[in-house]
Amino acid sequence: MDEESPSSRKSNEIEHKVYARVGLLGNPSDVYYGRTISFSLANFWATVKLQPSHHLIITPHPTHDLVQFSGLDHLVNRLQSEGYYGGVRLLMSICKVFYNYCNENNIELSKENFTLSYDTNIPRQTGLSGSSAIVCAALNCLLDFYKVRHLVKVEIRPDLILSAEKELGIIAGLQDRVAQVYGGLVYMDFNKDHMEKLGHGVYTPMDTSLLPPLQLIYAENPSDSGKVHSTVQKRWLDGDEFIVSSMAEVADLALQGQTAILEKDYSKLADLMNRNFDLRRSMFGDDALGSLNIEMVEVARRVGAASKFTGSGGAVVVFCPDGPPQVKLLEDACKEAGFVIQPVKVVPSYLNEDDLKTLPG
Ligand SMILES: Nc1ncnc2c1ncn2[C@@H]1O[C@H](COP(=O)(O)OP(=O)(O)O)[C@@H](O)[C@H]1O
Ligand SMILES: O=C(O)[C@H]1O[C@H](OP(=O)(O)O)[C@H](O)[C@@H](O)[C@@H]1O
Ligand SMILES: [Mg+2]
């Protein structure tokens, strides 16, 4: 498939590609009516393929949905490192959510069936939104297969993707799904009044060329976003003052970050990124975040760079204010620590004409 194009169609087969995302500022306040700035990351992506078929079939991925093992030790190792779940449940869930949404909104679906399969190179459960990339790509396939893209508003699609994961008990917010539906760099405001009135946030695309060069650090270290979030979510729902006020401060970092990015005030951006992680650390605690994840942030800070999690843990976004010599120092430090480091590549917006028609204005 052409790397530049997020979708393609070979005869009657539909394929969609959705990239990983980086939460640059404000996450995880998206889970709590806050604000974030996030972008779509070209370094990694998931693809979902849809082929018309007699029966409706969800195809397990040969490695991500492993069900055949060389023996008990293999099975147990696999479950201990990667958990029980792969992508099949995500595909099933978005089919259910899509079907129900269409029913409730009088969107008629033809009686045709399909076979869905997926692939992904997004490092598994590293806070790069591997889960929602699969769900978003599947939703795009369904929108095209049933020819209803023009009937399902762009702003609503992140909610459908989130519902598919909530259905599975995964605690998550909208930032991943917005970045993955819109592409590019997006400022997002999840203000409670707006969310309750319209059912979605206010999403403002920003020019990706305003961003300074950024680095990505990650480690093969699967962590479950649902588990990471559960205690903080409970405390927030219980009205815990420390969590409520810290989360409001995290949301405020995205607001300040929007101005800093527009003004290319990168030293301000560095301060905001660092503060973002420090607030997460004080709310979640070191045990929930994991020592390896904290070390990834600290490796960057030891060379004077700014750093924070891209999502709930597993990958870190870094800004080196002193430029290439500092990036070199960081690369050496990552090599020594056993972390992978790559320059960040940002994906431009990928809304097509049909998508744009569903947006206000
Ligand atoms: N690479 C992957 N392949 C298959 N399924 C995945 C992958 N990554 C995540 N998932 C599915 O999504 C669920 C939630 O993942 P999550 O903790 O949100 O990780 P991420 O940070 O990648 O979004 C997992 O329990 C699993 O069912
Ligand atoms: O904690 C976060 O920053 C994010 O956690 C989840 O993303 P993931 O990539 O699965 O770690 C969640 O879906 C996001 O909404 C949170 O901002
Ligand atoms: Mg996820």
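Residues numbered from 1 in each chain as written. Chains lettered and ligands numbered in written order. Predicted model: local features only at pLDDT ≥ 70, side-chain atom pairs only at ≥ 80, totals over all residues. Heavy atoms only, no water.

Caption draft 1: Focus on helix H2 (residues 88-104). Here H2 is 17 residues long and its end C-alpha atoms lie 25 Å apart, about the 24 Å a rise of 1.5 Å per residue gives. Turning to H2, its buried residues are Val88, Leu90, Leu91, Ser93, Ile94, Cys95, Val97, Phe98, Tyr101 and Cys102. On its buried face, H2 is in contact with strand S3 (35-53), strand S4 (57-58), strand S5 (113-120), helix H3 (130-145) and helix H4 (157-166). Immediately downstream of H2, the backbone of Asn106 shows phi near 55 degrees, a positive value. (Helix = DSSP H or I, 4+ residues; strand = E, 2+ residues; numbered from the N terminus. Expected span 1.5 Å × (residues − 1). Buried < 20%, exposed > 50% of the residue type's maximum accessible area, 1.4 Å probe, protein only. Contact = heavy atoms within 4.5 Å.)

Caption draft 2: Broad picture of the site of ligand 2. Around ligand 2 lies a shell of 18 residues, among which Asp30, Asp176, His229, Arg280 and Ser312 are the nearest. Taking Asp176, its side chain carries an N or O atom lying 2.5 Å from an oxygen atom of ligand 2. Structurally, ligand 2 is housed in the largest pocket. Looking at which element gives the most residues to the shell around ligand 2, the answer is helix H5 (residues 175-182), with three residues. Here the shell around ligand 2 is built from residues that sort into four nonpolar, nine polar and five charged. (Near = heavy atom within 4 Å. Polar contact = N/O pair within 3.5 Å; in protein donor to acceptor, adjacent residues only side chain to side chain. 1 Å grid on protein atoms, 1.4 Å probe; cavity = no way out; pocket = protein on both sides within 12 Å on 5 of 7 lines; lining within 4 Å. Sits in = over half its atoms within 2 Å of the grid points. Nonpolar A, V, L, I, M, F, W, Y, C, P; charged D, E, K, R; others polar.)

Caption draft 3: Local environment of the nonpolar core. With 118 residues, the main nonpolar core has Leu24 and Leu330 as its most contacted residues. It is H3 that contributes the most residues to this core, 11 residues altogether. (Core = buried A, V, L, I, M, F, W, Y, C linked by side-chain atoms within 4.5 Å.)

Caption draft 4: A look at the site of ligand 1. Around ligand 1 sit 22 residues, and of these Gly86, Arg89, Gly127, Gly130 and Ser131 come closest. At a separation of 3.5 Å, a nitrogen atom of ligand 1 approaches a polar side-chain atom of Arg124. Take Gln125: an N or O atom from its side chain is 3.3 Å from an oxygen atom of ligand 1. Compared with its free state, where it exposes 540 Å², ligand 1 has 97% of that area covered by protein. Here ligand 1 occupies the largest pocket. Counting residues per element, the ones that place at least two in the shell around ligand 1 are H2, S5 and H3. With three residues, the top contributor of residues to the shell around ligand 1 is H3. Grouping the constituent residues of the shell around ligand 1 by class yields seven nonpolar, 12 polar and three charged. (Areas by Shrake-Rupley, 256 points an atom, 1.4 Å probe, with all protein chains shown as cover.)

Caption draft 5: Local environment of unusual backbone geometry. A cis geometry characterises the amide bond from Asn27 onward to Pro28, with omega recorded as 10 degrees. Within the element layout of this structure, Pro28 appears in the loop between strand S2 (13-25) and S3. In this model, Tyr33 sits at a positive phi of 60 degrees, which is unusual for a non-glycine residue. Along the polypeptide, Tyr33 turns up in the loop between S2 and S3. You will see that Lys147, though not glycine, has its phi angle at about 55 degrees, which is positive. Tracing the backbone through its elements, the reader meets Lys147 in the loop between H3 and H4.

Caption draft 6: Molecular detail of the pattern of salt bridges. If you walk through the whole model with that rule in mind, you get 17 salt bridges. A salt bridge links Arg301 to Asp278, with the nearest nitrogen and oxygen atoms 2.8 Å apart. Here Arg301, found in helix H11 (residues 291-302), pairs with Asp278, found in helix H9 (residues 266-284); they are 23 residues apart in sequence, far enough to count as distant. With relative accessibility at 25%, the residue Arg301 sits in the partly exposed group. You can call Asp278 partly exposed: its relative accessible area is 34%. (Salt bridge = Lys/Arg side-chain N within 4 Å of Asp/Glu carboxyl O.)

Any functional reading would require information beyond the geometric quantities listed.
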